[in-house]
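# Secondary and tertiary structure notes
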Amino acid sequence: MSEQAVTIPGLAAMKARGQKIVVLTAYDASFARVLDEAGVDVILIGDSLGMVIQGQQTTLSAALDDMVYHSRCVARGASHALLLADLPFMSYPSPERAAENAARLIREGGAQMVKLEGGRCRTDIVRFLVSQNIPVCGHLGLLPQSIHHLGGYSVQGREAHAAQTLLEDALLLQEAGARLLVLECVPATLAEEVSRALEIPVIGIGAGPDCDGQVLVLHDMLGLSSGKRPRFVKDFLSEAGDIPSAIRAYVAAVRGGQFPAQEHSF
Ligand code: KIV
């Protein structure tokens, strides 16, 4: 770990001093190096690789071996950013299986923290991982691994009851020991409330400007993803002209609170 490497306590300190946390996905060493040099705080090796690398319609195709392989590639390119890797679909059916699989992401993949989707139904798993010294990031709101239950990629937590459940889930994950939380596609007012209620940093994607940090899928913010661009995505490459400048523009826009704007929020 280099002297200025981002750490989990360092992320908490950023929240405490009101400094926005910049997160972006990457899946290989070359992009990891560009992100690292641009000052991205956390690189997420997301199971979004099922879509943007493997060309599938959902994230469900990403296997643990894929996640380990891409984490290892990213780890070779990064020396400053904290590496967060997704536990993919069906890799955490029990606390013990979750711990074995998370250990592979850490030991073989070089990840420093793992992310899993879900709220109160996952607190036993989170607690067990934390007891085994595996740092955990929660993920609430739109859960891509539950896409067939949800029936589509829609905004979550719009109704009062769903918003209250999400807030309670966030507090339960924190209480179970999660050190970071990703909130995906929820109304900006709800994301603000959750970010204020939690001591741990909350990273938004499609969750408005008042989270403690922001994450986007790399291919989305470079305008490379197929299909209709979601409201919460901005194409930074078309303005910046080259990839390193686009990443630097994203870092500056998140740090400065210019991204996401109203037009990117729900
Ligand atoms: O897999 C991923 O890239 C993610 C982000 C959308 C947060 O989980």
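Note: the structure precedes this text.
A few points on the structure. (Residues numbered from 1 in each chain as written. Predicted model: local features only at pLDDT ≥ 70, side-chain atom pairs only at ≥ 80, totals over all residues. Heavy atoms only, no water.)

### Quick look at the overall build of the chain
Stated formally: Secondary structure elements follow DSSP: runs of H or I of four or more residues count as helices, runs of E of two or more count as strands, with numbering from the N terminus. Computation of the radius of gyration draws on C-alpha atoms, with the globule rule given as 2.2 Å multiplied by the number of residues to the power 0.38. Whether a residue is buried, partly exposed or exposed follows from its accessible area with a 1.4 Å probe, protein chains only, as a fraction of its type maximum: under 20%, in between, or over 50%, in that order. We call two residues contacting when some pair of their heavy atoms lies within 4.5 Å.
Helix and strand content of the chain: 12 helices and eight strands. For 266 residues, the compact-globule estimate of 2.2 N^0.38 gives 18 Å, and the chain sits close to it at 17 Å. With the C-alpha coordinates of the chain rotated into their principal frame, the extents come out at 45 × 40 × 40 Å. A buried classification covers 55% of the 266 residues belonging to the chain. Taking the intrachain contacts of the chain between residues at least 6 apart in sequence as the baseline, contacts between residues at least 24 apart amount to 63%.

### A look at the site of the ligand
What counts here: Near, as used in this document, describes a residue that has one of its heavy atoms within 4 Å of the molecule or strand being considered. What qualifies as a polar contact is a pair of N or O atoms within 3.5 Å, subject to a donor-acceptor requirement within protein and to the restriction that residues adjacent in sequence count only when both atoms come from side chains. Residue exposure ignores everything except the shown protein chains as possible cover, and the areas themselves are Shrake-Rupley values with a 1.4 Å probe.
If you check the shell around the ligand, you find Thr25, Leu44, Gly46, Asp47, Ser48, Asp86, Lys115, His139, Val182, Glu184, Ile205 and Val217 and nothing else. Between the ligand and Ser48 there is a distance of 2.6 Å, counted from an oxygen atom to a side-chain nitrogen or oxygen. Between the ligand and the protein, one listed contact pairs an oxygen atom with a side-chain N or O atom of Asp86 at 3.1 Å. Protein chains bury 96% of the 260 Å² of accessible surface belonging to the ligand in isolation.

### Remarks on the sheet that holds strand S5 (residues 136-141)
Adjacent strands of a sheet form backbone hydrogen bonds with each other and so pair up, either parallel or antiparallel. To keep it simple, the criterion reads: Strand pairing follows a simple DSSP-based rule, namely that at least 2 bridges must link the two strands. For helices, the fitted line uses only the C-alpha atoms of the stretch in contact; every axis is such a line through C-alpha atoms, and the angle between N-to-C directions lies from 0 to 180 degrees.
Strand order in the closed barrel formed by eight strands is S1-S2-S3-S4-S5-S6-S7-S8, with parallel pairing between adjacent strands. Neighbour-to-neighbour, the strand axes of this sheet turn through a mean angle of 25°, independent of strand direction. Pairing of strand S7 (residues 202-205) with strand S8 (residues 213-216), which is carried by two bridges, proceeds in the parallel orientation. From the neighbouring strand, Ile203 faces S8, where its bridge partner is Gly213.

### Some details on the environment of His80
With respect to the helices and strands, His80 occurs in the loop between helix H4 (64-77) and strand S3 (82-86). Excluding anything up to four places from it in sequence, His80 contacts Gln4, Ala5, Val6, Asp36, Gly39, Val40 and Asp41. A polar side-chain atom of His80 sits 3.4 Å from the main-chain carbonyl oxygen of Gln4.

### Examining the nonpolar core
This is how it is decided: Think of a nonpolar core as a cluster: buried Ala, Val, Leu, Ile, Met, Phe, Trp, Tyr and Cys residues, connected wherever their side-chain atoms sit within 4.5 Å.
Of all hydrophobic cores here, the largest spans 87 residues; its most connected members are Ile43, Leu129, Leu181, Leu183, Val194 and Leu216. Setting aside its immediate chain neighbours within four residues, Leu183 contacts Leu140, Leu166, Ala191, Val194, Val202, Ile203, Gly204, Ile205 and Ala207.

### Concerning the packing of aromatic side chains
Here a ring pair, both rings aromatic, is described through the centre-centre distance and the interplanar angle of the planes. What counts, and what does not: Planes of paired rings set the category: under 30 degrees apart is stacked, over 60 is edge-to-face and the rest tilted, where pairs are Phe, Tyr or Trp rings (Trp by its six-membered ring) whose centres lie within 6.5 Å. When the NZ atom of lysine or the CZ atom of arginine is within 6 Å of a ring's centre and also within 35 degrees of its normal, the charge is said to sit over that ring.
Tallied over the full model, the rule gives three aromatic pairs. Judged by centre distance (5.4 Å) and plane angle (80°), the ring pair of Phe236 and Phe259 falls under edge-to-face. Of this pair, Phe236 sits in helix H11 (residues 236-240) while Phe259 sits in the segment after helix H12 (243-255), and the two are 23 residues apart along the sequence. On the accessibility criterion, Phe236 (4% relative accessible area) is buried. Residue class for Phe259 comes out buried when judged on its relative accessible area of 5%. Here a set of aromatic residues connected by ring pairs shows up, and it is made of Phe236, Tyr250 and Phe259. Positioned over the ring face of Phe236 is Lys234, at 4.8 Å from the centre of the ring.

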